[in-house]
Structures are given as structure tokens and as C-alpha cells.
Amino acid sequence: MKRILGRQPLGLLFSSPYLAFVMVVFAFPIVYAVWISFHDFFFAAPGAEPARPFVGLDNYVAAFSNPAVIRSFGNVGIFLIINVPLTVVLALLLATALNRVVHARTFLRVSYYVPYVTASVAVVAVWLFLFNGNGLVNSLLGPLAPDPSWLINDKLAMPIIALYVTWKQLGFYILLYLAALQNVPKELYESAEMDGGGKIRQFFAVTVPGVRPATLLVLLISTVTGANLFTEPYLLTAGGGPNGASASPVLMMYQLGIQQGQPDVASAIGIVLVLGVLVIAFIQNRFVGERES
Amino acid sequence: MNNPSVSRRITPRRTIALAATVAAGLALTACSGGGGGAASDDLTATGPITIWYSNNEAEVGWGKQMVEAWNAEHPDEEVTAQEIPAGKSSEEVIGAAITAGNAPCLVLNTAPSAVGQFEKQGGLVNLSDFPDGASYIEERSGDLAKQYQNADGDYFQFPWKSNPVVIFYNKDLFAKAGIDAENPPLSTYDDFLATSKKLVDAGVAPYAIQPAPTSEFFQMQFDFYPLYAAATEGAQLVEDGKATFADDAGYEVADFWRELYAQGLSGQEQYQGDSFADAQSAMAIVGPWAISVYDGVNFGSVPVPTPDGTPADKTWTFSDAKNIGLFSACENKGTAWEVLKFATSQEQDGQFLEATGQMPLRQDLPTVYADYFAANPAYVAFGDQASRTVEVPSGPNTVQMMQTFRDAWSKSVIFGEGDVKTALDDAAASIDTLASQP
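In this text, all values refer to a predicted model and were calculated from it rather than measured experimentally.

## Looking at a negative patch on the surface
Link 1 in the chain: A contiguous patch of negative charge, built from Asp248(B), Glu252(B), Asp255(B), Glu259(B), Asp308(B) and Asp419(B), is present on the exposed surface.
Link 2 in the chain: For Glu259(B), the location among the structural elements is in helix H10 (residues 248–262).

Here you go:
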């Protein structure tokens, strides 16, 4: 019994509320989604009891025979390639700078954090006025403005979304790095300085290795939230336009699962997306996290 | 710091926890047939009911008086009414309510495009099962009612009201551009294009007309479909299980819009706001609901253009109808059916017309409410047009079909990529497949 319950059985009792929470909001939906993805499933009224035959991989084949779905995975790949490295680099640089700022530190921290806590719907409206055809950015660029304009340009729509999300989320990641920076021993900087290391050398030799656990966290969180991209293409490019150039897999899940009544196909997309994120997270952990131990 | 040698060891406790998680998940899955219980199939049960109506201010006003009038006469069958709860769209809210088993008895704002899915979900009552169901519908709506039947000829929706789509034009901007504002040349595709060019060249507005260029499935109802209905004298998107639009009329409509976009007479980018109200476009393609919205604009209306300029009294268009659904979760279906008939009686239809300016799907509308149209001449054309409207195809895959069409349209017409004919042919082939699927 002790082997099963451990040395502190009371711990199980204390952790059970959280375990129940995880079961209801995470384990159940994901197990249900896996089940749905292998069956002919649609949402039905209580008592309707439609047949839900096992269909093997049919839903996966249906999902990935759809060029729009394939494209959405490519789009989110572009998004992650731009968003994740940019987030890590900018958040670390700005956090390091903020850590050294003496004056107006609180003001600057709040300034970076405000976009993160502001509702996306409100902030998207500002970006729409900045980047639409007659927007401020094009007015400033004049003849250099892209044609078609940013949000209806199939080459630029996704990068604009990636920049938007990077900017919006940056405050949160800066806070993570600021917290991590407090744990880097000052003696290391002093030693580096005594060895003749300049500021840049100190940054790469002390700061970057010192905040590696935070970097892994930033990589994981930005990858997971980026893979779940929905609000921005839904609002900023009016449903993943132009021509699906900014559609994300989650947007496709919404269209197929909710609007078009195919939750089985949508679940198949969701499961593949989860697996994809797990693979990326594993690779990130392998290359960034392992050296930590 | 992690210790790989520890963190990767599979202990009995971990195995048990994992097994428990999976087992509980599967157990929850097994009992997740949906919330609530199934309601009785008795179509004669009476008692209190709940209804939802649109959050449109004018419709809320009408709905409240209708409910008050009913409740005053039927204290034992009280109706409780509320606006449709907020969501991304009414259809998503209703779909969720069906699954949860807490849909109201009636929803007076049911989109025909969603009815097939609701029927497949088991969420709707077949109105043809009421002894006077089909006869009441057909006596009220005449031949138009048939468009609202499912493939078996049953009515899972009550054809309620339409907003026949026409062209609104800003008389002041037309006059400013030197165009006859009382008889604008907009009846043929060539006239429409020439007038549009004149408007934009004159600089009176950035665009001649600006339907939403976005990729939502329903946007095809406000660019392609009205013109296609007009060009074909009432062809539906899908007839007898086959897409109809891959024909000369469809290609011509697509070429017409592509030309508008290619010449910059329509914008490829969504306008943030109402482009017609803000004088950013000189024309709009809308229904009579917009008359009260465009109160501050000096506008006129004409039928949608056709290749050869069909006379107004022969022109068809898209209905933009909203119907009434009676939902299977309703306990008192007998009362719900009586309330539905009360709300669509000649008297209440008249009140609805008066309050909202939307057209009850009732045959001989201009003669039944002659006094209203005499007092409101701006609505006469809509009253007449209401008898010549087409609806979206029925069936559970309507939204998929419309999204398939919209995707092809966005690419080939709005953004001018590839050949229009090929795009419509490919979309038609995909829609044929969808139409054949249950």
C-alpha cells in the first residue's frame, strides 16, 4: 500500500482538488477529442442518439486532404518561425535593459505590460487602423507602401500577425526574464568584468546561460500559445484572409467543427496539432533544457 | 534542476495515476451524450414556454408587444422571451443550446443556412407533423414556402420574414458625379460598371460599391447570389443535388464582380465600419432592414443588375430570410406551435412590418398591407420584390457548400487569381459531392 500511496498519503488528498480540475478541463476533453477523431461524430441533441461508427483514420484523411488545412499548418509554421525567436530575443534584451534602468523603471515595465493585459479585440482595432490600406503606416510610407496592402497581402498577412502577437505578449515574457535575472549572481558579472569581459561579452557569457531555465519556459509558452493562434487571424485579417493566407489550424477547427458541423474532422486537426506542439516542445527541451541539468 | 534518471523512471504510482486519468477520461466520455434530458415528443402538450428573438432593437420592440399580447390572453401558457444570448453568431449559440438540451421552444431568428445542421442534430421539430403544419405554412407563404422544405418535403423551419437584397445608392454622391440620381443607369452589368467608374473617377467616394470582401461563408449571399438569382430568374445555388452556378450566368456574374475589383471600383480590404453610411462607397447591396439604419443618407434603391437589364417587376434576388425554429427540447410543443401561429398571424405580421420594415414571408404582401405601403413608399419595391426571392440550399452541408463557394470566389474574383471559370467549375464539383453526403 505504501508503495502505491507513497510515504505521505495525505499529499494525495491535498492534491486531489487540482487533479480533479485537470481531469475535467484537460484530461477529459483531450481523451474525448481523441475518441471523436476516430468516429463519425457530430453534436446532437440529448435523446437523439445518432450512430457514431468507428471510422479509423477517415477524419484524419478528410482533414489533411483539404488544402486549406495543410496551408493553415504552413501558416502557423511561418508564424512560429517569426514569433518565437523574436519573442525570446526581444524579451531578453528588453528585460536586461530594464534591469539596468534606474529612472522610470516602473513606467517602462507597465508600458510593456499594458498590451498583454489589454483585450485583444481592442488592440486589434488599433492595428487595423495602423495597417489597413488607408492606415497610418501606409500614409507614412507613401509610395513605398506594399501593394496589396499589409493585411490583404498573402506574403505579409502572417508576418504582420506574428509581429502583432510578439508585441502584444512581450510584456509577459519580459516579466519572466526580469524575475530570472534577479537570480543571476552579481559575482559572476564582477568576475567577468575582472577578466576583461565587456558588456556584450557579459551578456552572452553570464546573462544568457544564467536565464536558460526562463528561456526554456519562454520557448515552450510562446510555442504553445502560438500554435493555438485564433483571435488575431479571426479579427485582424477577417477570418484568415486573404485567401486563407493567415488561417491557423485552430481557426480551421472553428470553421469546420463549429460552423460546418464537422467536430470529428476538427478533432483530428486538433490532435495532430497537439502532437506537433509536443514534438516541438521535446526538441526545445532537448536543445535548451538539457544543458540546464 | 531536473534529474533525468529520476524524472524518467516509471514508478507504480505514475502508472496508476496515468491509468486513473485515462480511465476517468474514458468514463466521462462514455457518459457525455449531452446535457439535459430529451423532451417529450407530444406535440399537444401545453404550458409555459420560452422564446428567443433577435437583438435588433426594432425586433425586440415588436417581440415584447407580441409576447404581452399573447400572455394577456393565455395566462396558463405564459411566454417568457429574451434576446438570443451573445455569441460569435446566433447559429453557434443555438447549436450549443441544442447540444446542451436547453434550447428554447422557439427562436425567431433562425438562419436557413443552419437549419439543415440543426435538423441533423435532432434539435428541431418537424412542423409538418402538426396536423395543420404544412397547410398553415403554405397558405401563408404560397409557392415560396417550398424553398424551405427539406429533401423529404418536410418543414423543419417556419418561413418567417425576408429582406430582399437590392442596390442602395447615395443620391447626393450620384448627383455630385453628374449621374441622374432619379434614374441611375445601373440595370445592366455594362451600365453598372460604367456608372461605378464614373463615380470613382469623379472622386465622390473611394469605391463605387463595397460588399464585405471577407472569407466568411455567408458573404456570398451579398455579392454573387443576388445577381445570380436575378440573372437566372430564381435559380438556387444547388438544385436536385447539383450545383447550378457553373454555367454562363454564373461565369458572367463572377466576371462582372472581378471587373469591379480589378478596376478598383470595389475594395479588396474590409472597411472598418459601414462604408455606405460613411460615404466611402456610393452604393450598397442590402435589404430593407437598412432603411432605418441609413436614415441620415439621401438614398434610392434599384434592383440588382442583370446582363440585359431585367425590369424591376421581373427581377429575382436573394431573400436574406430569417425563420422560426421550434426546438425539440421544448416541453410544451402544443403551446409553442400556437404561439408561432399567433406571432405570424396577419395582425402580428402587420405589426412586424410596421415596426421593422422587414417583409413577412406572406403571399400578396403589397395587397394585404396596402395601407402600410401607401404610407411608406420607400418600402413598396421591397414588398413587391419579396415574392421573387431565392433561398440558400437546404440540407446538413449548406454551410460547407457556401464556404467552398466563398473560397473559390475570394481567390478568383476578389483577388483575381487564376481563371474564374475553372474556379467555379471546381467549386461546383466539390459542392456536388457535398450535396450527395448525408
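## A closer look at the UniProt feature "domain: ABC transmembrane type-1" (unreviewed entry) in chain A
Link 1 in the chain: Residues annotated by UniProt as "domain: ABC transmembrane type-1" (unreviewed entry) correspond here to residues 73–284 of chain A.
Link 2 in the chain: Its end C-alpha atoms 19 Å apart, residues 73–284 of chain A is made of 75% helix and 0% strand.

## A look at the pattern of salt bridges
Residues and elements named next belong to chain B.
Link 1 in the chain: This structure, assessed with the given rule, holds 11 salt bridges over all chains.
Link 2 in the chain: Of the charged contacts in the structure, one is a salt bridge between Arg388 and Asp384, with a shortest N-O distance of 3.1 Å.
Link 3 in the chain: Note on Arg388: relative accessible area 10%, which makes it buried.
Link 4 in the chain: Residue Asp384 is classed as partly exposed on the basis of its relative accessible area, which comes to 30%.

## A short note on the environment of Ser430(B)
Residue and element names in this part refer to chain B.
Link 1 in the chain: Summarising the element assignment, Ser430 is placed in helix H18 (residues 420–436).
Link 2 in the chain: Residue Ser430 is classed as partly exposed on the basis of its relative accessible area of 35%.
Link 3 in the chain: In sequence terms Ser430 and Thr110 are 320 residues apart; their C-alpha atoms lie 26 Å from each other.

## Points about the state of the cysteines
All names here are of chain B.
Link 1 in the chain: This model, assessed by the stated rule, comprises 1 disulfide over all chains.
Link 2 in the chain: Between the sulfur atoms of Cys105 and its disulfide partner Cys330 the distance amounts to 2.0 Å. Residues Cys105 and Cys330 are joined through a disulfide that is right-handed, its torsion about the S-S bond being 85°. Of this pair, Cys105 sits in the loop between helix H4 (90–100) and strand E3 (106–110) while Cys330 sits in the loop between strand E12 (322–326) and helix H12 (333–343), and the two are 225 residues apart along the sequence.
Link 3 in the chain: Residue classification places Cys330 among the buried residues on the basis of a relative accessible area of 1%.

## Some thoughts on empty space enclosed by the protein
Link 1 in the chain: The tally for this structure, following the rule as stated, stands at 3 cavities of 30 Å³ or more.
Link 2 in the chain: A volume near 190 Å³ is recorded for the largest cavity.
Link 3 in the chain: Residue lining of the largest cavity: 20 residues in total, with Ile152(A), Thr237(A), Ala238(A), Thr214(B) and Gln270(B) positioned closest to the centre.
Link 4 in the chain: Grouping the amino acids of the lining of the largest cavity by side-chain chemistry returns 9 nonpolar, 10 polar and 1 charged.
Link 5 in the chain: If you trace the second largest cavity, you find it lined by Pro112(B), Val115(B), Gly116(B), Glu119(B), Tyr148(B), Gln149(B), Asn150(B), Asp154(B), Phe156(B), Gln157(B), Ser394(B) and Gly395(B).

## Here we look at the environment of Ser345(B)
Residue and element names in this part refer to chain B.
Link 1 in the chain: Looking at the secondary structure, you find Ser345 in the loop between H12 and helix H13 (346–356).
Link 2 in the chain: With 215 residues separating them along the chain, Ser345 and Phe130 place their C-alpha atoms 17 Å apart.
Link 3 in the chain: The residues touching Ser345, leaving out its near neighbours within four places in the chain, are Tyr136, Arg362 and Tyr369.
Link 4 in the chain: A polar contact of 2.8 Å, which involves the side chain of Ser345, links it to the backbone oxygen of Phe342.

## Overview of the pairing of E12(B)
All names here are of chain B.
Link 1 in the chain: A large share of E12 lies buried, amounting to 4 of its 5 residues.
Link 2 in the chain: Bridge count between E3 and E12: 4 bridges; the pairing is antiparallel. Across the sheet, residue Thr110 finds its bridge partner in E12, namely Asn323.
Link 3 in the chain: For strand E4 (residues 158–162) and E12, the ladder comprises 2 bridges, and the chain directions are antiparallel. Residue pairing for E12: Lys161 is matched across the bridge by Lys322.

## A look at the environment of Glu49(A)
Link 1 in the chain: The topology assignment puts Glu49(A) in the loop between helix H2 (9–37) and helix H3 (58–64).
Link 2 in the chain: Considered as a pair, Glu49(A) and Ala238(A) are 189 residues apart in the sequence and their alpha carbons are 36 Å apart.

## Thoughts on the sheet that holds strand E5 (residues 166–170) of chain B
All names here are of chain B.
Link 1 in the chain: Taken together, 4 strands build an open sheet; the order of strands is E6-E9-E5-E10 and the sheet is mixed. The open sheet has two free edges, formed respectively by strand E6 (207–209) and strand E10 (299–302), since each of these has just one partner strand. Neighbour to neighbour, the strand axes of the sheet diverge by 25° on average, direction disregarded.
Link 2 in the chain: By the bridge criterion, 4 bridges tie E5 to E10 in an arrangement that is antiparallel. The residue bridging Tyr169 from the neighbouring strand is Gly300, located in E10.
Link 3 in the chain: Seen against the sheet, helix H8 (residues 189–201) touches E5, E6 and strand E9 (281–286) and runs at an angle of roughly 150° to E6.

## Some details on unusual backbone geometry
All names here are of chain A.
Link 1 in the chain: A cis amide bond links Asp147 to the next residue, Pro148, at an omega of 0°.
Link 2 in the chain: Within the secondary structure layout, Pro148 lies in the loop between helix H7 (136–141) and helix H8 (157–181).
Link 3 in the chain: Even without a glycine there, the phi angle at Glu49 is positive, about 45°.

## A word on H13(B)
Residue and element names in this part refer to chain B.
Link 1 in the chain: Residues Gln348, Asp349, Gly350, Phe352, Leu353 and Thr356 constitute the buried set of H13.
Link 2 in the chain: Close packing links the buried residues of H13 with helix H3 (57–73), helix H6 (133–141), E4, H12, strand E13 (359–360) and helix H15 (370–375).
Link 3 in the chain: Looking at the residues trailing H13, positive phi occurs at Gly357, about 75°.

## A short note on the side chain of Ser222(A)
All names here are of chain A.
Link 1 in the chain: In this fold, Ser222 is placed in helix H11 (residues 212–227).
Link 2 in the chain: The exposure class assigned to Ser222 is buried, which follows from its relative accessible area of 1%.
Link 3 in the chain: The contact partners of Ser222, leaving out residues within four places of it in the chain, are Leu80, Asn83, Val84, Thr87 and Tyr173.

## Some words on the packing of H3(B) against H13(B)
All names here are of chain B.
Link 1 in the chain: For the pair H3 and H13, interaxial distance at closest approach is 9 Å and the crossing angle is 155°. One way to sum up the angle between H3 and H13 is to call them roughly antiparallel. Our pair here, H3 against H13, has a crossing hand that is right-handed. Counted together, Ala58, Glu59, Trp62, Gln65, Met66 and Ala69 of H3 and Gln348, Gln351, Phe352, Ala355 and Thr356 of H13 form the full contact between these two elements.

## What to know about the nonpolar core
Link 1 in the chain: If you look at the biggest cluster of nonpolar residues, it comprises 65 residues, and the most contacted ones within it are Phe174(B), Leu199(B), Phe224(B), Phe245(B), Trp257(B), Met283(B) and Trp409(B).
Link 2 in the chain: When near neighbours in sequence (up to four residues on either side) are disregarded, Phe174(B) contacts Tyr169(B), Ile179(B), Ala181(B), Pro184(B), Leu186(B), Thr195(B), Leu199(B), Ala282(B) and Met283(B).
Link 3 in the chain: Residues Val84(A), Trp127(A), Tyr173(A) and Leu219(A) belong to the second largest nonpolar core, which totals 42 residues.

## So, the UniProt feature "transmembrane region" (unreviewed entry) in chain A
All names here are of chain A.
Link 1 in the chain: What UniProt calls "transmembrane region" (unreviewed entry) maps, in this numbering, to residues 12–35, 76–98, 110–130, 156–181, 202–224 and 265–283.
Link 2 in the chain: The span residues 12–35 is 100% helix and 0% strand, and its two end C-alpha atoms sit 29 Å from each other.
Link 3 in the chain: Secondary structure content for residues 265–283 is 100% helix and 0% strand, and the end C-alpha separation is 27 Å.

## Quick look at the sheet that holds strand E1 (residues 49–53) of chain B
Residue and element names in this part refer to chain B.
Link 1 in the chain: Here we have 6 strands laid out as an open sheet, ordered E2-E1-E3-E12-E4-E13, and mixed in their pairing. At either margin of the open sheet sits one strand with a lone partner, and together these are strand E2 (79–83) and E13.
Link 2 in the chain: Pairing of E1 with E2, which is carried by 5 bridges, proceeds in the parallel orientation. The partner of Ile51 across the bridge, within E2, is Ala81.

Analysis parameters
Residues numbered from 1 in each chain as written. Chains lettered and ligands numbered in written order. Predicted model: local features only at pLDDT ≥ 70, side-chain atom pairs only at ≥ 80, totals over all residues. Heavy atoms only, no water. Patch = residues over 30% accessible without salt bridge, like charges linked within 9 Å, V, L, I, M, F, W, Y side chains within 5 Å. Areas by Shrake-Rupley, 256 points an atom, 1.4 Å probe, with all protein chains shown as cover. Salt bridge = Lys/Arg side-chain N within 4 Å of Asp/Glu carboxyl O. Lys, Arg positive; Asp, Glu negative; His and termini not counted. Charge placed at Lys NZ, Arg CZ, Asp CG, Glu CD. Helix = DSSP H or I, 4+ residues; strand = E, 2+ residues; numbered from the N terminus. UniProt positions renumbered as here; feature names shortened; annotations may be inferred. Buried < 20%, exposed > 50% of the residue type's maximum accessible area, 1.4 Å probe, protein only. Disulfide = S-S within 2.5 Å. 1 Å grid on protein atoms, 1.4 Å probe; cavity = no way out; pocket = protein on both sides within 12 Å on 5 of 7 lines; lining within 4 Å. Points joined across faces, edges and corners; volume = space filled by probe spheres on them. Nonpolar A, V, L, I, M, F, W, Y, C, P; charged D, E, K, R; others polar. Contact = heavy atoms within 4.5 Å. Polar contact = N/O pair within 3.5 Å; in protein donor to acceptor, adjacent residues only side chain to side chain. Pairing = 2+ DSSP bridges. Axes fitted to C-alpha atoms, helices over the stretch in contact; angles between N-to-C directions. Parallel < 35°, antiparallel > 145°, perpendicular 65-115°, else oblique. Left-handed = near helix turned anticlockwise from the far one by under 90°. Core = buried A, V, L, I, M, F, W, Y, C linked by side-chain atoms within 4.5 Å.

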